[in-house]
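# Commentary on secondary and tertiary structure
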Amino acid sequence: NVVKHAESWHDRPLVDLVRYLGAQHHRFVREELATIALRLADLCAAPATVNPDLPSLRAAFARLSDMLLPHLHREEESVFPLVEALEKTWDSNEPVPAPDGGLTASIRQLAVEHGAIAAELRTMRELRLSLVVSNELPAPCSATLDALATLEAHLHEYMFLENCVLFPRALALENQTAATAPKG
């Protein structure tokens, strides 16, 4: 449940949240992308069962994967370490260096990417629902469409968690550190 997740993270340390996102969310997304890509390849390789929307769905899924994998990498290699370092410095009462705006710029980029990911998910949902309505699907196709629906719900939930909990809290912490940073 989205709201339950969001409420449970408001008072927890940001380091716990970014580690959870990396360990749980990113792992799940990478595994599902690989599994679903193979399933779609198999379905599209069987010409007798190919619905005209299936290759379009596969193409949309490839675009989504091409967006998601670098996005996850940027979070893990750039934003999450910045958030962890910022919180650790703040919590230890050490002098905080003046922020360089890197976190704000990175979060802004990730939020824009979330919008593009959501748009691709909408395209995929429309294609998926078109296939479901066609009612001409073999069982493996139905299982793949179910996996796509699960992935979509998961991505929306975690984008919400990042957009509405992680990003605002991280930016607020960056602003607090900016207010207390030594003026050079």
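Before going into details, it helps to say that this report is about the structure given with it. All values reported here derive from a predicted model rather than from experimental measurement.

Attention now moves to the environment of R125. Note on placement: R125 falls in helix 4 (residues 102-134). Along the backbone, R125 and L145 are 20 residues apart, and their C-alpha atoms lie at a distance of 9.3 Å. Apart from the residues lying within four places of it in its own chain, the contact partners of R125 are E152 and H156.

This paragraph deals with the packing of aromatic side chains. Geometrically, a pair of aromatic rings is defined through the distance of the ring centres and the angle of the planes. One pass over the full model with this rule turns up two aromatic pairs. When the centroid spacing of 5.1 Å and the interplanar angle of 35° are considered together, the rings of W9 and Y20 count as tilted. With a gap of eleven residues between them, W9 in helix 1 (residues 2-9) and Y20 in helix 2 (residues 14-45) connect regions that are remote in the sequence. In this structure W9 comes out as buried when scored by relative accessible area, which is 5%. A relative accessible area of 21% places Y20 in the partly exposed class. Three or more aromatic residues joined by ring pairs make a cluster, and in this case those are W9, Y20 and Y158. Its end group placed over the ring of W9, R12 keeps NZ or CZ at 4.3 Å from the ring centre.

Scoring rules and cut-offs
Counting starts from 1 at the beginning of each chain's written sequence and moves along it residue by residue. Only residues with pLDDT of 70 or above have their local features reported here, since the model is predicted, and side-chain atom pairs are shown and tallied only from 80 upward, although totals for entire chains, interfaces and linings are computed over all residues. Note that the side-chain values use all heavy atoms of the structure and ignore hydrogens as well as water. A run of H or I in DSSP becomes a helix once it reaches four residues, and a run of E becomes a strand once it reaches two; helices and strands are each numbered from the N terminus. By definition in these notes, contact holds between two residues if any of their heavy atoms fall within 4.5 Å. Paired rings are identified among Phe, Tyr and Trp, the last through its six-membered ring, by centres lying within 6.5 Å, and are further divided according to the angle between planes into stacked (under 30 degrees), edge-to-face (over 60) and tilted (the rest). Any residue under 20% of the maximum accessible area for its type is buried, any over 50% is exposed, and the rest in between are partly exposed; the area is computed with a 1.4 Å probe on protein chains only. Definition used: whenever NZ (Lys) or CZ (Arg) falls within 6 Å of the ring centre and also within 35 degrees of the ring normal, the charge is taken to sit over that ring.

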